[in-house]
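One-letter residues, chain by chain:
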Amino acid sequence: MKSSVQSESKRDFSSAEELLRVCNLTVSYPIAGGLFGGSKKVFNAVDDVSFSIRRGEILGLVGESGSGKTTTGRAIIKLAPISGGKIFYRGENISGLDERRFLPYRKKIQMIFQDPFNSLNPRMDIFRIISEPLDIHFKKMSRQKKRDRVAELLEIVGLKPDYMARYPHEFSGGQRQRIGIARALAVEPDFIICDEPVSALDVSVQAQIINLLQNLRDEMNLTFLFVAHDIAVVEYLSDRIMVMTGGKIVEQGDSREVCAHPKHPYTQKLIAAVPKF
Amino acid sequence: MNLLDVQNLRIKFSTRRGETEAVKGIDFCIGENESVAIVGESGSGKTVTAMSLTRLLPPPPVCSVSGKILFENSDVAAMDESSLRKIRGRKIAYIFQEPSTSLNPVFTVGYQIAEAVRLHFPETEDVRKVVVDALAEVGIRNPELRYKSYPHELSGGMQQRVMIAMALACKPNLLVADEPTTALDVTIQKQIIDLLKSVRARRGMSLLLITHNFGIISELCERVLVMFRGKIVEQGRCADVLNNPQHPYTKALIGCIPRLGMTKKLEPIDYEKLGAI
């Protein structure tokens with residue numbers, strides 16, 4: 001009995017290196033007051049959130065709109081202002097760094113966005129889109145080397161190398177998401193934050209991208225924070241799940257375990273709401 | 001007798017690159033008080049099929065519709081505009097995917113529902129009461145107060161309830177719901193599904209649900225039609241089609257959707273293998 005449960009649960013990463021640790025992260029926005037309006041009122045989009053991710057792990061972050069899941073992901077790479085708490089990357093505190101000192105971490109930590117139609121610049125060809133991060137992080141790389149690297153990246157994500165001369169509008173949603181993934185992989189990151197990477201895609205394309213992310217993890221030992229609202233997708237892809245609502249993480253654990261035996265009332269409500277077939 | 005009987009429906013669009021046939025000769029029917037789903041990926045022709053039922057598609061030469069659309073034994077496809085207006089919105093009502101773009105931002109929701117009631121039932125004495133009752137029926141608290149709300153003052157779920165109230169205010173025989181919950185959070189989606197269920201139980205109305213979510217189908221519908229490249233490739237009772245799909249496309253479509261507790265690997269649809277169909 002025990003063994004069958006074991007085979008169904010996900011991989012165990014407890015002995016792997018801790019890549020990222022988030023301690024008491026808070027992101028707040030002013031909602032009223034200030035300057036002439038009397039005392040400031042703030043809204044905590046992310047409210048005292050702590051978690052850690054180990055190397056090679058896929059950590060799912062699930063929640064409804066407004067739960068703070070996207071802001072949590074963005075705060076890690078300074079796309080949202082941190083108002084409290086600390087973020088450690090391989091033991092180094094990266095939360096207080098200025099932009100110049102944070103730059104090396106921008107290479108280590110990359111992001112994949114939700115909407116493949118808005119996250120690619122329509123005026124750039126695919127070569128420029130994918131090689132732009134190389135211009136910043138590998139300044140001395142020759143143009144020929146860059147072309148080889150872009151060709152290699154396109155192949156990794158399942159596209160033809162000669163697509164690099166084309167423009168975003170020539171591609172479908174799934175292909176654009178692959179281009180976004182190639183761009184994230186360009187600078188050889190360790191850790192990728194995916195913000196709803198499949199929710200704008202058709203179901204079959206969604207399955208392709210999910211499988212691609214899983215293969216990348218297996219082949220390159222990448223680590224993912226996978227932010228999404230579709231709990232079935234998150235359960236399928238992630239080793240561990242965190243459930244977020246109202247800016248707080250209310251439950252976390254092995255993804256199969258959380259979905260099969262949710263403990264927190266909110267998680268129970270969320271899972272009960274998923275239509276089953 | 002069937003409420004709706006569609007025979008050999010073909011929908012063609014003229015584009016600069018020539019003609020494309022979006023719907024390639026489909027036949028289906030919906031009985032009195034029956035709930036039917038059309039499922040398929042984007043581009044399969046499911047939305048244009050739904051829109052053709054009350055001739056919401058652009059007129060020729062942009063779009064040409066052929067075949068018979070028999071609603072209560074009269075052919076919608078051959079009807080003059082004035083007879084059509086007695087069906088459109090009155091006997092066949094629609095709710096669409098994105099409630100925020102379907103509502104007019106400059107009028108109160110009450111006014112917008114009242115407009116529909118006045119148009120179809122000009123003899124109504126107390127329009128306001130009909131509207132307030134409609135808002136109450138879809139579970140909006142304080143309907144008297146909400147009558148005066150503008151769309152932006154309501155959440156997405158509330159806006160969708162308003163859309164449903166508007167559709168139901170004219171007591172339609174057939175409600176066409178095109179991806180009614182795709183833009184909503186899963187717990188709100190559940191509320192909308194439960195609402196549609198209870199309305200059907202109370203009123204005995206037919207429902208045509210367009211979606212790509214199999215879970216919602218099994219919650220709401222008795223029969224399902226699977227569309228692929230403009231054709232119905234399989235139809236039958238929901239439980240039969242979902243648990244024991246016969247057509248390779250249906251099997252592939254079900255196999256590429258992640259479900260809670262799934263241990264099998266996701267398989268994206270192999271369109272080349274399906275090419276011959």
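Since the structure is predicted, the reported quantities are computational estimates derived from the model, not experimental observations.

J.: Can you help me understand the overall build of chain A in this one?
T.: Counting secondary structure elements, chain A contains 10 helices and 10 strands. Taken along the three principal axes of its C-alpha coordinates, chain A extends 60 × 55 × 35 Å. Expressed as a percentage of the 277 residues in chain A, the buried residues total 52%. Of the charged side chains in chain A, 39 are positive and 33 negative; the average position of the first set lies 5 Å away from that of the second.

J.: How do you make sense of the confidence of the model for chain A when you look at a structure like this?
T.: Predicted coordinates in areas of low pLDDT are best not read in detail. Here chain A averages 91 in pLDDT, and 94% of its residues register 70 or above. Overall, residues 1-7 of chain A carries pLDDT values under 50, and its contacts beyond four positions in sequence, including any with other chains, amount to 0 contacts.

J.: Quick question: what am I supposed to make of the packing of aromatic side chains here?
T.: The description of an aromatic ring pair uses the distance of the two centres, along with the angle that the planes make with each other. This structure, assessed with the given rule, holds 8 aromatic pairs over all chains. Aromatic side chains Tyr94(B) and Phe96(B) sit 5.7 Å apart centroid to centroid with 5 degrees between the ring planes, which places their arrangement in the stacked category. In this structure Phe96(B) comes out as partly exposed when scored by relative accessible area, which is 28%. Centre to centre, the rings of Phe107(B) and Tyr111(B) are 4.8 Å apart; their planes meet at 20 degrees, and the pair counts as stacked. Through a chain of ring-to-ring contacts, the aromatic side chains of Tyr89(A), Phe102(A) and Tyr105(A) assemble into a single cluster. For the cation-ring pair, Lys78(A) lies above Phe102(A), with the distance from its terminal atom to the ring centre recorded as 5.2 Å.

J.: Any chance you could explain a nonpolar patch on the surface here in plain terms?
T.: On the surface, Tyr29(A), Ile31(A) and Phe43(A) cluster together into a nonpolar patch covering about 310 Å² of accessible area. Looking at the secondary structure, you find Phe43(A) in strand 2 (residues 41-54).

J.: Any chance you could explain the confidence of the model for chain B here in plain terms?
T.: Taken residue by residue, chain B gives an average pLDDT of 93. The fraction at 70 or more is 99%. Taken together, the chains of this predicted complex give a pTM of 0.87 and an interface ipTM of 0.83.

J.: What's the story with the nonpolar core in this structure? I'm lost.
T.: Side chains of nonpolar character tend, in soluble globular proteins, to be buried together. One finds Ile130(A), Ile181(A) and Phe226(A) to be the most contacted residues of the largest nonpolar core, which totals 117 residues. A per-element tally of this core places helix 7 (residues 156-169) of chain B first, with 8 residues. Aside from chain neighbours lying at most four places away, what touches Ile181(A) is Ile112(A), Val157(A), Ile209(A), Leu212(A), Leu213(A) and Leu216(A).

J.: Any chance you could explain helix 4 (residues 109-120) of chain B here in plain terms?
T.: Side chains three or four residues apart in an α-helix point the same way, a direct result of the helix having 3.6 residues per turn. Residues and elements named next belong to chain B. Helix length check: helix 4, at 12 residues, gives a terminal C-alpha distance of 17 Å against a target of 16 Å (1.5 Å per residue), a fit within 8%. Listed in full, the buried residues belonging to helix 4 are Val109, Gly110, Gln112, Ile113, Ala114, Ala116, Val117 and His120. Residues of helix 4 that are buried in the fold lie against helix 2 (81-87), helix 5 (127-137), helix 6 (143-146) and helix 7.

J.: Just checking my understanding: could you explain helix 2 (residues 69-76) of chain A for this structure?
T.: Residue and element names in this part refer to chain A. For helix 2, a buried count of 6 out of 8 residues is recorded, marking the element as mostly surrounded by other parts of the structure. Among the residues making up helix 2, those that are buried are Lys69, Thr71, Thr72, Gly73, Ala75 and Ile76. One or two steps after helix 2, the chain reaches Lys78, where phi turns positive at roughly 60 degrees.

J.: I keep staring at the sheet that holds strand 2 (residues 18-31) of chain B and nothing clicks. Help me out?
T.: Hydrogen bonds along the backbone pair up the strands of a sheet, which may run parallel or antiparallel. Residue and element names in this part refer to chain B. Reading across from one edge, 2-1-4-5 is the order of the 4 strands in this open sheet, with antiparallel pairing throughout. The sheet is open, and its two borders are formed by strand 2 and strand 5 (74-75), each paired with just one other strand. Sheet topology note: the strand 4 (residues 63-71)/strand 5 ladder contains 2 bridges and is antiparallel. By the bridge assignment, Phe71 is partnered in strand 5 with Ser74.

J.: Looking at this model, I keep getting lost on the environment of Met141(A). Mind explaining?
T.: Residues and elements named next belong to chain A. Assignment of secondary structure puts Met141 in the loop between helix 4 (126-137) and helix 5 (143-156). Once the C-alpha coordinates of Met141 and Ile94 are considered, the two residues, 47 residues apart in sequence, prove to be 27 Å apart. If sequence neighbours within four positions are ignored, Met141 has contacts with Leu134 and Lys146.

J.: Just checking my understanding: could you explain unusual backbone geometry for this structure?
T.: Trans peptide bonds make up most of the peptide bonds, and negative phi angles are found at most residues other than glycine. The step from Pro60(B) to Pro61(B) runs through a cis peptide bond, and the omega angle for that step is 5 degrees. Relative to the helices and strands, Pro61(B) is located in the loop between helix 1 (46-52) and strand 4. Residues other than glycine seldom take positive phi values, yet Lys78(A) does so here, at roughly 60 degrees. Tracing the chain through its elements places Lys78(A) in the loop between helix 2 and strand 4 (84-89). Residues other than glycine seldom take positive phi values, yet Asn142(B) does so here, at roughly 50 degrees.

J.: What exactly am I supposed to notice about the side chain of Arg217(A) here?
T.: Residues and elements named next belong to chain A. You can see Arg217 is positioned in helix 7 (residues 203-220). Here Asp239 takes part through its side chain, which lies 2.8 Å from a polar atom of the side chain of Arg217. Apart from residues no more than four positions distant in its own chain, Arg217 is found in contact with Arg11, Phe13, Gly56, Glu57, Ile58, Leu222, Phe224 and Asp239.

J.: Looking at this structure, I do not really get the interface of chain B and chain A. What am I missing?
T.: Size of an interface: often given as the accessible area lost when the parts come together. Chain B puts 32 residues into the contact, and the matching count from chain A is 28 residues. Counting the surface lost from both chain B and chain A, the interface buries some 2,600 Å², and carbon and sulfur atoms represent 64% of this. Across the contact surface, chain B and chain A share 0 salt bridges. Contributions of two or more residues to the side of chain B that touches chain A are made by helix 8 (186-203), helix 9 (214-220) and helix 11 (248-255) of chain B. When residues of the side of chain B that touches chain A are assigned to their parent elements, the largest contribution, 6 residues, is made by helix 8 of chain B. Classifying every residue of the side of chain B that touches chain A by side-chain character gives 17 nonpolar, 8 polar and 7 charged.

J.: Explain the sheet that holds strand 9 (residues 223-228) of chain B to me, please; I cannot follow it from the model alone.
T.: All names here are of chain B. Across the sheet, 6 strands lie side by side as 6-7-8-3-9-10; this open sheet has mixed pairing. Either end of the sheet is taken by a strand with one partner, and the two such strands are strand 6 (92-95) and strand 10 (231-237). Taken over all neighbouring pairs, the strand axes of this sheet differ in orientation by 15 degrees on average, direction set aside. In terms of strand pairing, strand 3 (residues 35-39) meets strand 8 (residues 206-211) through 5 bridges, oriented parallel. What sits directly across from Val39, in strand 8, is Thr211. Against the sheet, helix 11 makes contact with strand 3, strand 9 and strand 10, and its axis sits at roughly 95 degrees relative to strand 9, the strand it touches most.

Rules of the game
Residues numbered from 1 in each chain as written. Chains lettered and ligands numbered in written order. Predicted model: local features only at pLDDT ≥ 70, side-chain atom pairs only at ≥ 80, totals over all residues. Heavy atoms only, no water. Helix = DSSP H or I, 4+ residues; strand = E, 2+ residues; numbered from the N terminus. Buried < 20%, exposed > 50% of the residue type's maximum accessible area, 1.4 Å probe, protein only. Lys, Arg positive; Asp, Glu negative; His and termini not counted. Charge placed at Lys NZ, Arg CZ, Asp CG, Glu CD. pLDDT = per-residue confidence, 0-100. Contact = heavy atoms within 4.5 Å. Phe/Tyr/Trp six-rings, centres within 6.5 Å; stacked < 30°, edge-to-face > 60°. Lys NZ or Arg CZ within 6 Å of the ring centre and 35° of its normal. Patch = residues over 30% accessible without salt bridge, like charges linked within 9 Å, V, L, I, M, F, W, Y side chains within 5 Å. Areas by Shrake-Rupley, 256 points an atom, 1.4 Å probe, with all protein chains shown as cover. Salt bridge = Lys/Arg side-chain N within 4 Å of Asp/Glu carboxyl O. Core = buried A, V, L, I, M, F, W, Y, C linked by side-chain atoms within 4.5 Å. Expected span 1.5 Å × (residues − 1). Pairing = 2+ DSSP bridges. Polar contact = N/O pair within 3.5 Å; in protein donor to acceptor, adjacent residues only side chain to side chain. Buried area = accessible area lost by both parts, 1.4 Å probe. Nonpolar A, V, L, I, M, F, W, Y, C, P; charged D, E, K, R; others polar. Axes fitted to C-alpha atoms, helices over the stretch in contact; angles between N-to-C directions.

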